[in-house]
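# A closer look at the structure
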Amino acid sequence: MVDARLLDAVGALINAHARPGHVPLIGIAGAQGSGKTTLARAAAEQFGAAHLSLDDVYLTKAEREAKGRAVHPLFAVRGPPGTHDLALLEATVEALRAAGHDSRTPLPAFDKLTDDRSPKAQWPVFAGRPSAVLVDGWCLGATAQAQADLAAPINALEVERDGQGVWRRTVNEALAGPYAEVFARFDANLFLKAPSFDVVLDWRCQQEAELIGLRPTELSLERRAELAVFIQVFEPITRHMLAGGVRADLTFALNLDRTVSPPASARS
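Residues numbered from 1 in each chain as written. Predicted model: local features only at pLDDT ≥ 70, side-chain atom pairs only at ≥ 80, totals over all residues. Heavy atoms only, no water.

### A closer look at the packing of helix 7 (residues 200–211) against helix 8 (residues 221–230)
Cut-off, in case you're wondering: Orientation is described by axes fitted as lines to C-alpha atoms, over the contacting stretch for helices, and by angles from 0 to 180 degrees between their N-to-C directions. The secondary structure listing takes helices from DSSP runs of H or I that are at least 4 residues long and strands from runs of E that are at least 2 residues long, numbered from the N terminus. For classification purposes, angles smaller than 35 degrees are called roughly parallel, those larger than 145 roughly antiparallel, those between 65 and 115 roughly perpendicular, and all remaining angles oblique. Here is the rule for handedness: rotate from the far helix to the near one, and if that takes an anticlockwise turn smaller than a right angle the crossing is left-handed, while a clockwise turn gives right-handed. Contacts were defined at the residue level, with two residues in contact if any of their heavy atoms lie within 4.5 Å. Nonpolar residues are Ala, Val, Leu, Ile, Met, Phe, Trp, Tyr, Cys and Pro. Charged residues are Asp, Glu, Lys and Arg, and all others, Gly as well, are polar.
Here helix 7 crosses helix 8 at 125°, and the two axes come no closer than 10 Å. When the interaxial angle is binned, helix 7 and helix 8 end up oblique. As for the relative orientation of helix 7 and helix 8, their crossing is right-handed in sense. Facing helix 7, whose interface residues are Leu201, Asp202, Arg204, Cys205 and Glu208, helix 8 presents Arg223, Arg224, Leu227, Ala228 and Phe230. Its residues placed into classes, the contact of helix 7 with helix 8 shows 5 nonpolar, no polar and 5 charged.

The following block contains the structure:
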């Protein structure tokens, strides 16, 4: 069940930016497993908004593999800036903002089990004109890191696969460039702040178990170990955001069980 304070906060941001002819674009950011997608879905249903996820506009598997060959092998792994189709995101947002009462707008979908974008025929459709567009994403609002912070690897993945820093510098350039431009077009951003990066593995394992219909305790140790490696892709920017490297209009601190620690803080 979604905390009423979070729903009220999303509603307040929508109302603050609503005006005739303008459909507010609101971001909901948070680490993996923080509950941002659940919040966005619940808020979309309650307020008549359309919901998109940054996870649903990843580049296709073939596109990421091609980028992995051309730039760095880690770009074949979905997750960081540089692995999303920002043009698809913006085109979908614009289509929703231009929608009329009789419109039917396809919303991109990504299948995490196959690690590829779903066929367009399987995309969900938003009917009508939304009161707002809600976009959830783990790195929404993240700011670029200082070059000095990129000099040394921060985890085993970077040591083993990005010793020269090519991947992390390219990710940071994407965050400083096209991602910053997209983020700047959001009317407002809400940030669900995890207590630390240390909780992300447990949260991601719970998310994975739910995705395949298991209880968290039923997830195999082998799969948990794989996820421990996978979340290292997200670690640098997540730690940066938790340390203040995020632009947010509202920040809600979360407890270990993802309940909200009051009070919320205003723009950071």
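Resuming the write-up.
### Re the pairing of strand 7 (residues 133–137)
Our working rule: Three exposure classes are used, based on accessible area relative to the maximum for each residue type with a 1.4 Å probe and protein chains only: buried under 20%, partly exposed in between, and exposed over 50%. Two strands are counted as paired when DSSP detects at least two bridges linking them.
The buried fraction of strand 7 is high, at 5 of 5 residues. One ladder, built from 5 bridges, connects strand 1 (residues 25–30) with strand 7; its direction is parallel. Across the sheet, the residue bridging to Leu25 is Val133, located in strand 7. Looking at chain direction, strand 2 (residues 50–53) and strand 7 are connected through 4 bridges and run parallel. The partner of Ser53 across the bridge, within strand 7, is Asp136.

### Considerations on the pattern of salt bridges
Filter applied, for reference: Whenever Lys or Arg places a side-chain nitrogen within 4 Å of a carboxyl oxygen from Asp or Glu, that contact is recorded as a salt bridge.
Taken as a whole, this structure holds 15 salt bridges when the rule is applied. Two residues, Arg117 and Asp85, come together in a salt bridge whose shortest N-O distance is 3.5 Å. With a gap of 32 residues between them, Arg117 in strand 5 (residues 116–117) and Asp85 in the loop between helix 3 (61–70) and helix 4 (86–97) connect regions that are remote in the sequence. No difference in accessibility class separates Arg117 from Asp85, as the two residues are buried.

### Quick word on empty space enclosed by the protein
Rolling a probe over the atoms, with the probe sized like a water molecule, indicates the empty space that remains. Under the convention used in this document: Lining residues are those with an atom within 4 Å of a point, where the points come from a 1 Å grid over the protein atoms alone and group into cavities, where a 1.4 Å probe fits but cannot get out, or pockets, open sets with protein on both sides within 12 Å along at least five of seven lines. Grid points are joined across faces, edges and corners, and a volume is the space filled by probe spheres set on the points.
The full count for this structure, using the stated rule, is 1 cavity of 30 Å³ or more. For the largest cavity, the calculated volume is near 30 Å³. If you go around the largest cavity, the residues you meet are Gly30, Ala31, Trp138, Phe191, Leu192, Ala194, Thr238, Met241 and Leu242. Looking at the lining of the largest cavity, the elements with two or more residues in it are strand 8 (188–193) and helix 9 (235–242). It is helix 9 that provides the largest number of residues to the lining of the largest cavity, a total of 3 residues.

### Topic: the nonpolar core
Operational definition: Nonpolar cores are built from buried Ala, Val, Leu, Ile, Met, Phe, Trp, Tyr and Cys residues. Side-chain atoms within 4.5 Å join them into one set.
Leu39 and Leu190 are the most contacted members of the largest nonpolar core, which has 77 residues in total. If you tally residues by element for this core, the top one is helix 6 (residues 166–183), at 7 residues. Once residues within four sequence positions are removed from consideration, Leu190 is found in contact with Ala9, Val10, Leu13, Gly27, Ile28, Ala29, Leu39, Leu250 and Phe252.

### Regarding unusual backbone geometry
Residue Asp115 is not a glycine yet carries a positive backbone phi of 60°. For Asp115, the location among the structural elements is in the loop between strand 4 (110–111) and strand 5. For Arg258, which is not glycine, the phi torsion reads 70° and is therefore positive. Considering the arrangement of structural elements, one finds Arg258 in the loop between strand 9 (250–254) and strand 10 (260–266).

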